[in-house]
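# Analysis of the macromolecular model
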Number of protein chains: 2
Amino acid sequence: MAAMAAPGAAAGGLSFNEDSSHFFTSRNGKRLTLQDVDGWVEQYAGTQVRELILNVNAMRTSYASKVWDPIWHGYDPNGPDDQPLMASLTPEGRKSARKWIHAAWQLNEDGIDLYARWIAQARKHKLSPWVSMRMNDIHNVDDEKAYIHSEFWRSHPEYRRVPYRFAGWPDRAFDYGRREVREYHLKLVRELAERYDFDGLELDWMRFGYHFRPGHEREGAELLTEFTAEVRRILDGQQKKRGHRIRLGARVASRPESALGLGMDAVTWAQRGLVDFLVITPFWATIEPDMPVEQWKALLKGTNVTLAAGLELLLRAHPGEKPYQKNSLETVRGAAAALLDRGVDRVYLFNYMDSETAIDQVADNARILREAGSLATLAGKPRRHVVTYADTWAPGEAQAIALPQSIAKGQWRAFRVPIGPAPGAGKAEVRLGVESADARDWKVLVNGEPCAFVSDRKPEKPHSPAPMFCFTAPLAALRRGYNAVEIEATAGGGRIVWVELALG
Amino acid sequence: MAAMAAPGAAAGGLSFNEDSSHFFTSRNGKRLTLQDVDGWVEQYAGTQVRELILNVNAMRTSYASKVWDPIWHGYDPNGPDDQPLMASLTPEGRKSARKWIHAAWQLNEDGIDLYARWIAQARKHKLSPWVSMRMNDIHNVDDEKAYIHSEFWRSHPEYRRVPYRFAGWPDRAFDYGRREVREYHLKLVRELAERYDFDGLELDWMRFGYHFRPGHEREGAELLTEFTAEVRRILDGQQKKRGHRIRLGARVASRPESALGLGMDAVTWAQRGLVDFLVITPFWATIEPDMPVEQWKALLKGTNVTLAAGLELLLRAHPGEKPYQKNSLETVRGAAAALLDRGVDRVYLFNYMDSETAIDQVADNARILREAGSLATLAGKPRRHVVTYADTWAPGEAQAIALPQSIAKGQWRAFRVPIGPAPGAGKAEVRLGVESADARDWKVLVNGEPCAFVSDRKPEKPHSPAPMFCFTAPLAALRRGYNAVEIEATAGGGRIVWVELALG
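Counting restarts for each chain: residues are numbered from 1 in the order of the written sequence. In the order they appear in the text, chains get letters beginning with A and ligands get numbers beginning with 1. Under the rules for a predicted model, residues below a pLDDT of 70 receive no local features and side-chain atom pairs below 80 are neither given nor counted, while totals for whole chains, interfaces and linings still include all residues. Note that water and hydrogens are dropped before the side-chain values are worked out from all heavy atoms of the structure.

### Points about the overall build of chain A
The criterion, for reference: Helix and strand labels come from DSSP, where a helix needs a run of H or I of at least four residues and a strand needs a run of E of at least two; each type is numbered from the N terminus. In this treatment the radius of gyration is a C-alpha quantity, and the globule benchmark scales as 2.2 Å times the residue count to the 0.38 power. Any residue under 20% of the maximum accessible area for its type is buried, any over 50% is exposed, and the rest in between are partly exposed; the area is computed with a 1.4 Å probe on protein chains only. Contacts between residues were defined by any pair of non-hydrogen atoms, one from each residue, lying within 4.5 Å. All accessible-area figures derive from a Shrake-Rupley calculation using a 1.4 Å probe, and residue coverage is judged against the displayed protein chains alone. We count Lys and Arg on the positive side and Asp and Glu on the negative side, and we leave His and both chain ends out. A single reference atom marks each charge: NZ on Lys, CZ on Arg, CG on Asp, CD on Glu.
Each helix and strand counted, chain A has 13 helices and 20 strands in total. Since a compact globule built from 504 residues should have a radius of gyration of about 23 Å, the 23 Å found for chain A is in line with a globular shape. Its C-alpha atoms give chain A principal-axis dimensions of about 65 × 55 × 50 Å. Sorting the 504 residues of chain A into buried and exposed places 63% on the buried side. The long-range fraction of contacts in chain A, counting pairs at least 24 apart against all pairs at least 6 apart in sequence, stands at 79%. As displayed, chain A has an accessible area near 17,700 Å², and 52% of this comes from carbon and sulfur atoms. With 66 positive and 64 negative side-chain charges, chain A shows a spacing of 2 Å between the two charge centroids.

Pasting the structure below:
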């Protein structure tokens, strides 16, 4: 195998994830043509996207699987919206679900295999086609009857990871401690490897991240490593037929300790040569610009793994923040610059899909595709570095979450903000969201240098729902990587809910 | 140098740290004889202690340094307690300080070099003698005039790391970003290497852990690595004269991310072969049985570093817990078992000194010295695994602290407790400290298996200041390593302040 070149192994660029429903639901009920299918790929040609990563499933597949239920399993195309498959939904939910179900069904009826076509088109446009398999998707499991679930899941409540309660979706995820569960998922891996000629297969362990009974993650980690080795063997078996190396990737929790605590022993997978593409990522609730890239790089030293930093679409400063907001061009630039500068090989976009489901300013999506993959294209452009948090932790793991922080008069608080390269020119601003205090007279320092209050206007979205206070930071004070923002509540205490360094 | 054997490189056993004041202050003003000096070493002979690690300084030295101020600098042995050196203290403080100052002065007057003698005696008793240098001790810096400070520190306020405030001792620590500060400390390293024939020198970066201006840790890390390389060169220069390898060690923060964020790039030190002994440790406020040993081991792979887990004397379940309590034999066993099982090479005792300053049950100290260094001697003995926290974080780093946790009726909370090897026999108990609730009817599970309420008696110290509730856990449910304790507040909410797994 050594003679086969691994496609796309060099550093820099974007990986782009397309989920298994968006394309269908976002085309507004139109009967999809080959032109529509090909057109979807074309928008990524000539951008910084290198891997086009096609997610083909949640609990069901969006293609005509012979081993799992396709999304249209049980669907009557001539039936009403309240037919049994969709009966458990609201009238509005039925309309939305039917878009996905019907469009996928129709495409198959029309003899178009979406993923086969996308893979071919991607190659034509010099994009590396991957398939991504969600390993434990649990959307809507509060509704046992929902159309989105597989019959296998529905008929085997005993295979779920937390049989003794239902406090949230993850409690009803599959328990990979069960041999039957692992076999069920390997079936789909085998079919995918047989059916599609992809450059790589991604195992998406972050949809949704919980795969074992609480407290059983240690033996779980050994099982997942063995599972990964089996997937690697399946891909090995296909390589001769395909005539090229087939890569194996995984999406895992953003911090090594949490990933291992969830049973994702990514470092062992890498060291054993089982995976050569690793995405570190939060789950969904917020983007995480401060992932510990240095630790990952040190742990992966000596392996051939391409390390990708997963960006999610939403941005929350803390878990309780409402309403939730999307990232903007400037906050994506901030996250990408910080993470690329810390040494990731790729910026990986998740939920940054086209049309109205992406970031609010649709035009900005095209810029993200052309800027966010390289420090060179990010240099000199306005960017925002917002303190957020990690949204996925192992069961029982102590959680490190910076905000909110209450502060009494005379007290100090410190935050650190990774900004990537220090800017050579322009303006820098510290922006605080503060509840219950007029913070204009607070003392604010960046790396020990005092900042001056400049305004309490709200910056563009995303911004704090709380009042915001902006302070000019001396440009010369900024440093590459982490910058310390220290705050003294000189003029009465309050509650800090947002901390940001904006460079413009 | 490869031909010189590194003393004590194999796994298992204890390292023992003796600070620079305890021996003097604890002998109650007695004029110390050679017999007293030798007797101190003898108590560690024949125990599991392998490295006897002799700390020789805070801001002053406890021996007659020619390059730093000895502790008796400015002392008039015939003067009154309120002489200038001790004038800033309370009358009680003066008496206590004078014990240290006078005993060290007297020993020197009597021609006894304590550390030279201890080093020789250690070798005689097959103990490996080390010297430990505290790199930034800041005891009592709220009192600028206190006897304990060096004239160098007193006369150079501009060398302190936070010139713009005084919110706590660490603000007045030396700033190692200053060349003059690094040079001042290298002077003592050179003297120590010249003066004493030790097996190893330890740089204690955890007294007190803060060495750079906030936000300047990145360039600080490069400076500390260069500093460590210079110390290694100094030791290299002594090896021929000594005729044996001289090891270099360091004490650093318990988690890789925090250590790096404080400027302690221990992984690089190890990979460059600069250090061969690394102690991961909390600072002081509590013992930390849940240090991420797996991460450290993975990061140190391929190096020759001996990895030691530092145990502190105190035990707090959370930062706000009062009054503070000491560990007991059983909680030390718990921490040692958990950490040894995760793969550390040594258990390192800090502040476990003899006499009244050690654990409450003095007799238990002797047992700790004979049990805590090996899983074989810990096996089958009662031990307690208490959830605590990490007490040292980089400036601005988000802090992961498990307790306290408020819980409303019907909610669930999870904790994880590393226990080392699963016990083959005996009893297991989950013990909760709970405020504002009668928790006897709460649902408690270990790794998914239900536990039964057994009593609300308080266990022996250390225990929670809050009411405690004990539940029997099925022995078969326990697993090696992490065990998940899940709690449902079925019968009214409260505040969980203590979580423990006791094995007996």
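### A look at the pairing of strand β10 (residues 346–350) of chain B
Residue and element names in this part refer to chain B. Operational definition: The pairing criterion for strands is at least two bridges between them, as found by DSSP.
In terms of burial, β10 is largely enclosed, as five of its five residues are buried. Burial of β10 is two-sided: the residues R346, Y348 and F350 facing one way and the residues V347 and L349 facing the other way are all buried. As paired elements, strand β7 (residues 306–311) and β10 share four bridges and run parallel to each other. Following the sheet pairing, L311 is matched in β10 by L349.

### Some points on the relation of the copies chain A and chain B
For the record, the criterion: Alignment of the copies relies on least squares applied to C-alpha atoms, considering only residues that score at least 70 for pLDDT in both.
When chain A is fitted to chain B, the best match, at an RMSD of 0.1 Å, comes from turning it 180° and sliding it 0.0 Å along the axis. Accordingly, the operation relating the two chain copies is best matched by a two-fold axis. Taking the C-alpha atom as reference, chain A places A:A400 closest to the rotation axis, 1.9 Å from it. Most of the interface of chain A is mirrored in chain B, where 100% of its interface residues again form contacts.

### Digging into the sheet that holds strand β13 (residues 412–418) of chain B
Residue and element names in this part refer to chain B. Strand order in the open sheet formed by four strands is β13-β19-β15-β16, and the pairing between neighbours is antiparallel. Two strands bound the open sheet, and with one partner strand each, they are β13 and β16 (449–450). When strand β15 (residues 443–446) meets β16, the two strands line up antiparallel, connected through two bridges. If you follow L445 over to β16, its bridge partner there is P450.

### Overview of the interface of chain A and chain B
Defined as follows: Put simply, buried area is the surface a 1.4 Å probe can reach on two separate parts but cannot reach once they are joined, added for both. Whenever a carboxyl oxygen of Asp or Glu lies within 4 Å of a side-chain nitrogen of Lys or Arg, that contact is scored as a salt bridge. Polar contact is defined as a pair of N or O atoms within 3.5 Å, subject to the rule that within protein one atom must be able to donate a hydrogen and the other to accept it, and that residues adjacent in sequence are counted only when both atoms are side-chain atoms.
With 44 residues of chain A at the interface, the matching set in chain B holds 44 residues. For the pair chain A and chain B, the summed buried surface comes to about 3,700 Å²; carbon and sulfur atoms form 49% of the total. For the pair chain A and chain B, the interface holds six salt bridges. Between B:R416 and A:E257 there is a salt bridge whose closest N-O contact spans 3.2 Å. The tally of links from chain A across to chain B stands at 20 residue pairs in polar contact (both at pLDDT 80 or more).

### Comments concerning the pattern of salt bridges
Scanning all chains against the criterion turns up 90 salt bridges over all chains. One salt bridge connects A:R27 with A:D354, and the closest N-O pair in it is separated by 2.8 Å. Taken together, the positions of A:R27 in the loop between α1 (22–25) and α2 (34–42) and A:D354 in the loop between β10 (346–350) and α12 (362–371) put the pair 327 residues apart, joining distant regions of the chain. The exposure class assigned to A:R27 is partly exposed, which follows from its relative accessible area of 22%. A:D354 sits in the buried class, given a relative accessible area of 9%. A salt bridge links B:D360 to B:K326; its shortest N-O distance comes to 3.6 Å.

### Observations regarding the domain arrangement of chain A
Quick note on the threshold: Where each domain starts and ends follows an automatic or database-derived domain assignment.
Assigned domains of chain A: these are domain 1 (14–281) and domain 2 (405–503). Its C-alpha centre places domain 1 of chain A at a distance of 41 Å from the equivalent point of domain 2 of chain A.

### As for the packing of helix α6 (residues 179–195) of chain A against helix α7 (residues 217–242) of chain A
All names here are of chain A. Using the following cut-off: A fitted line through C-alpha atoms represents every axis, and for helices the fit uses only the stretch in contact; the resulting angles, taken between N-to-C directions, go from 0 to 180 degrees. Should an angle lie under 35 degrees it is considered roughly parallel, over 145 roughly antiparallel, and from 65 to 115 roughly perpendicular; all remaining angles are considered oblique. What makes a crossing left-handed is the near helix being turned counterclockwise from the far one by less than a right angle; a clockwise turn instead makes it right-handed.
α7 packs onto α6 with a crossing angle of 20° between their chain directions and a minimal axis gap of 10 Å. On the basis of their axis angle, the class for α6 and α7 is roughly parallel. The interaxial crossing formed by α6 with α7 has right-handed handedness. Where α6 approaches α7, its residues R182, H185, L186, V189, R190, A193, E194 and R195 are matched on the opposing element by L223, F227, E230, V231, I234, L235, Q238, K241 and R242.

### Overview of the side chain of A:H244
Position of A:H244 among the secondary structure elements: in the loop between α7 and β5 (247–253). For A:H244, the side chain forms a polar contact with the side chain of A:D197, separated by 2.7 Å.

### Here we look at the sheet that holds strand β19 (residues 482–488) of chain A
Residue and element names in this part refer to chain A. Spatially, the four strands line up as an open sheet ordered β13-β19-β15-β16, and their pairing is antiparallel. At either margin of the open sheet sits one strand with a lone partner, and together these are β13 (412–418) and β16 (449–450). Here four bridges tie strand β15 (residues 443–446) to β19, and the two strands are oriented antiparallel to one another. When the bridges of β19 are listed, V446 appears paired with V485.

### Here's the deal with the environment of A:G302
Residues and elements named next belong to chain A. For G302, the position within the fold is in the loop between α10 (293–300) and β7 (306–311). Judged by relative accessible area, G302 falls into the exposed class, the value being 82%. Each C-alpha atom, one on G302 and one on A400, is 29 Å from the other, the two residues being 98 residues apart in sequence.

### Considering helix α2 (residues 34–42) of chain B
Residues and elements named next belong to chain B. Which entries qualify depends on this criterion: Arc, as used here, means the arc of the directions from the helix axis to the C-beta atoms.
Considered for burial, the residues of α2 that qualify are V37, D38, W40 and V41. All buried residues of α2 project into a common sector of 150° when viewed along the axis, lining one side. Summarising the contacts, the buried residues of α2 are in contact with β1 (14–18), α1 (22–25), β2 (49–55), α3 (91–109) and α4 (114–124).

### Description of the packing of aromatic side chains
Just so we agree on the cut-off: Pairing of aromatic side chains requires ring centres within 6.5 Å, counting the rings of Phe and Tyr and the six-membered ring of Trp. Pairs whose planes differ by under 30 degrees are stacked, by over 60 edge-to-face, and all others tilted. Only when the NZ atom of a Lys or the CZ atom of an Arg is both within 6 Å of the ring centre and within 35 degrees of the ring normal do we say a charge sits over the ring.
A complete count under the given rule lists 52 aromatic pairs over all chains for this structure. Considering the side-chain rings of A:W169 and A:F208, the 6.1 Å spacing of their centres and the 75° angle between planes classify their relative orientation as edge-to-face. On the criterion of sequence distance, the pair formed by A:W169 in the loop between α5 (151–155) and α6 and A:F208 in the loop between β4 (200–204) and α7 is long-range, its members being 39 residues apart. Where A:F283 meets A:W284, the ring centres are 6.4 Å apart and the plane angle is 50°; that geometry is what we call tilted. Among the aromatic residues, ring-to-ring pairing joins A:F16, A:F23, A:F24, A:W40, A:Y44, A:Y63, A:Y115, A:W118 and A:Y196 into one connected group. In this structure, B:R172 is placed above the aromatic ring of B:F166, and the distance from its NZ or CZ to the ring centre is 3.6 Å. In this arrangement the basic side chain of B:R207 is found over the ring face of B:F208, its NZ or CZ atom lying 6.0 Å from the centre.

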